[in-house]
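Structural features, examined
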Amino acid sequence: MQCAECRDALDAFFDSELQPREHALVRDHLATCLDCARHSEEVATVSRRIQESLVPHRAPDVLKARIRAAIAEDAARPRRRSRWHWLPLAAAGLVIAAVSSAATLLAVHRGSAADQVATAVLESHVRSLLPGHLLDVASNNQHNVKPWFDGRIDLSPSVPSLDSAGFPLAGGRLDYVASHPAAVVVYTRRQHVINVYSWAEPGADAAPVTAESHGYHLVSWRNGGVEFWAVSDLNIGELAQLVALLRR
Amino acid sequence: MVSAQVERFETLILPHLDDAYTLARYLLRDEHDAQDAVQDAALRAFRFFGGFRDGDPRAWFLAIVRNCCRTWQRRHRRDRLSIPLADDHAAELAADSASDTLAMERSERAAIARAIDALPPEFREVIVLRELQGLSYAEISGVIGVPVGTVMSRLSRARRRIAAALGQTLEAS
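Just so it is clear, the structure is predicted and the values come from calculations on it, not from any experiment.

**Topic: the interface of chain B and chain A**
Contacts between the two partners involve 40 residues from chain B, matched on the other side by 37 residues from chain A. Both faces considered, chain B and chain A share a buried interface measuring about 3700 Å² in area, 61% of it formed by carbon and sulfur atoms. Of the charged contacts, one joins B:Arg47 and A:Asp74 as a salt bridge, the two residues approaching to 2.6 Å between their closest N and O atoms. If you look at where chain B meets chain A, you find 19 residue pairs in polar contact (both at pLDDT 80 or more). Those elements that place two or more of their residues in the side of chain B that touches chain A are helix H1 (2–12), helix H2 (17–28), helix H3 (31–48), helix H6 (100–118), helix H7 (121–132) and helix H9 (148–172) of chain B. Looking at side-chain class alone, the side of chain B that touches chain A contains 24 nonpolar, 5 polar and 11 charged residues.

So this is what it looks like as structure tokens:
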């Protein structure tokens, strides 16, 4: 193999993209030619430096929620070109369920009552990420957020300040989830949003239970006649850490 | 029927949104443009999803993202080739005074980031697809729609340009 030929193949050699025969030829040439071997080193070095410099970005939650909502909406709309396919279905009396929000998309399992609540909480969480839906009261100060709920809902959610634990308070809102008016306290962690729902629910206390669906984590527990749900796309470890702080 | 399609799309395509967003950030160099382009790409991907049979779903989706970014750039005529990248790299550079070695490493990284940013788009995309997203030459060829041989030569030239830019920084320091 000639040096010029070898130089042209160095990147593909480094990336293991050569055919076995060519790969062997380059390898043998590098073993005998110091100059080409030095160029080969350079390719490896610059590739490593480039990899160190490039950073993966994380798609923001809001973008993910927007995309899910747009897809659900699109799926609910019959396609123009397939109009003829819908006719026999309509004739057969089938009703295409309207997928009008991210809701149906996020169905966890249509099984038990707890699953249905989880689905409702998840839908509410995704909806809250749409622009302008997250907060009724935006404040990092617990003394602004807590009194805001007074007279608006028949429970007084606890709103601890968790800044020092790395969960800054963002604010709160009222929501309506699974037939319950709910108080929602919103915390953040880096770019993640954590919604903490609470509503009155008679029954014995229950320890935290976790669930996962579509990349979101949910933790639910019951304490003193109040049901709590914490939901986020944060990893389960950090979400559990927040739950432990809230239960203290 | 409809929901089965949605479910399959959720399973195969949506897990790659971070990669899609990363590619769009590097191609468009603006976070809002990147968000809009990725949303557009996801919806298009969903509409064409019936046509996706086999192959790598990530590469399939990235091809659509890449084309949406191209269209986006053409439509908005915002070519910011000459604007030096990344305030965060500049800030990183300015903020540092901890140690000389660290400062040197950081200034090197900033120099590479600037060099990548200054590459023509057809070079920048192969660098990101290969060095960050780890696609094979054949996959890159599918994403950007050029023969494998062209991928090979573009990647090689892009690396040399970056090496040259880095060499200048090292000599200057």
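**Some points on the confidence of the model for chain B**
Residues and elements named next belong to chain B. Averaged over chain B, the pLDDT score is 82; the fraction of residues at 70 or greater is 81%. Overall, residues 79–98 carries pLDDT values under 50, and its contacts beyond four positions in sequence, including any with other chains, amount to 25 contacts. Scoring of the predicted complex yields 0.58 for pTM and 0.81 for ipTM.

**With respect to the environment of B:Asp33**
Residues and elements named next belong to chain B. Summarising the element assignment, Asp-33 is placed in helix H3. Judged by its relative accessible area of 6%, Asp-33 is buried. Asp-33 sits 36 residues away from Cys-69 along the chain, and the two C-alpha atoms are 8.6 Å apart.

**A word on H2(B)**
Here H2(B) contains 12 residues, and its C-alpha end-to-end distance of 16 Å stays within 8% of the 16 Å for a straight helix at 1.5 Å per residue. By the criterion of burial, H2(B) is predominantly enclosed, with 9 of the 12 residues buried. Within the span of H2(B), buried status applies to B:Leu17, B:Ala20, B:Tyr21, B:Thr22, B:Leu23, B:Ala24, B:Tyr26, B:Leu27 and B:Leu28. Structurally, H2(B) contributes buried residues whose contacts are with helix H3 (34–53) and helix H4 (61–76) of chain A together with H3, helix H4 (57–76) and H7 of chain B. B:Arg29 sits one or two residues past H2(B) and shows a positive phi near 55°.

**Quick word on the sheet that holds strand S4 (residues 192–200) of chain A**
Residues and elements named next belong to chain A. The 7 strands are arranged S1-S2-S3-S4-S7-S6-S5 in an open sheet whose pairing can be described as antiparallel. The sheet terminates laterally at strand S1 (137–138) and strand S5 (206–213), the two strands that pair on one side only. Strand direction decides the pairing type here: strand S3 (residues 180–189) and S4, joined by 7 bridges, are antiparallel. The partner of Thr-188 across the bridge, within S4, is Val-193.

**Re the packing of H4(B) against H7(B)**
Relative placement of two packed helices is described by the angle separating their axes and the distance separating the axes. Residue and element names in this part refer to chain B. Interaxial distance between H4 and H7 falls to 13 Å at its minimum, and their mutual angle equals 155°. Here H7 runs roughly antiparallel to H4, going by the angle between their axes. The way H4 lies across H7 gives a crossing that is right-handed. Facing Leu-62, Arg-66 and Arg-70 of H4, the residues of H7 in contact are Pro-121, Glu-122, Glu-125 and Leu-129. By residue class, the composition of the contact of H4 with H7 is 3 nonpolar, no polar and 4 charged.

**Quick word on the pattern of salt bridges**
This model, assessed by the stated rule, comprises 26 salt bridges over all chains. In this structure, the salt-bridge partner of A:Arg7 is A:Asp35, at a minimum N-O distance of 3.2 Å. Residue A:Arg7 is found in helix H1 (residues 3–14), and its partner A:Asp35 is found in helix H3; the two are separated by 28 residues along the sequence. Classification of A:Arg7 by relative accessible area gives partly exposed; the value is 21%. On the accessibility criterion, A:Asp35 (39% relative accessible area) is partly exposed. For B:Glu131, the salt bridge is made with B:Arg159, and the minimal N-O distance between the two is 2.9 Å. Placement of B:Glu131 in helix H7 and of B:Arg159 in helix H9 is noted, with a sequence separation of 28 residues between them. Of the two residues, B:Glu131 and B:Arg159, neither departs from the other in class, the shared state being buried.

**Some thoughts on the packing of aromatic side chains**
Residue and element names in this part refer to chain B. One pass over the full model with this rule turns up 7 aromatic pairs over all chains. Relative to Phe-52, the ring of Phe-49 has its centre 5.9 Å away and its plane inclined at 10°; by these criteria the two rings are stacked. The pair formed by Phe-49 and Phe-52 is uniform in burial state, with each residue classed as buried. On the numbers, 4.9 Å between centres and 50° between planes, the contact of Phe-52 with Trp-60 is tilted. Judged by its relative accessible area of 4%, Phe-52 falls in the buried class. An aromatic cluster is defined as three or more aromatic residues linked by ring pairs; in this entry it consists of Phe-9, Phe-46, Phe-49, Phe-52 and Trp-60.

Analysis parameters
- Residues numbered from 1 in each chain as written.
- Chains lettered and ligands numbered in written order.
- Predicted model: local features only at pLDDT ≥ 70, side-chain atom pairs only at ≥ 80, totals over all residues.
- Heavy atoms only, no water.
- Contact = heavy atoms within 4.5 Å.
- Buried area = accessible area lost by both parts, 1.4 Å probe.
- Salt bridge = Lys/Arg side-chain N within 4 Å of Asp/Glu carboxyl O.
- Polar contact = N/O pair within 3.5 Å; in protein donor to acceptor, adjacent residues only side chain to side chain.
- Helix = DSSP H or I, 4+ residues; strand = E, 2+ residues; numbered from the N terminus.
- Nonpolar A, V, L, I, M, F, W, Y, C, P; charged D, E, K, R; others polar.
- pLDDT = per-residue confidence, 0-100.
- Buried < 20%, exposed > 50% of the residue type's maximum accessible area, 1.4 Å probe, protein only.
- Expected span 1.5 Å × (residues − 1).
- Pairing = 2+ DSSP bridges.
- Axes fitted to C-alpha atoms, helices over the stretch in contact; angles between N-to-C directions.
- Parallel < 35°, antiparallel > 145°, perpendicular 65-115°, else oblique.
- Left-handed = near helix turned anticlockwise from the far one by under 90°.
- Phe/Tyr/Trp six-rings, centres within 6.5 Å; stacked < 30°, edge-to-face > 60°.

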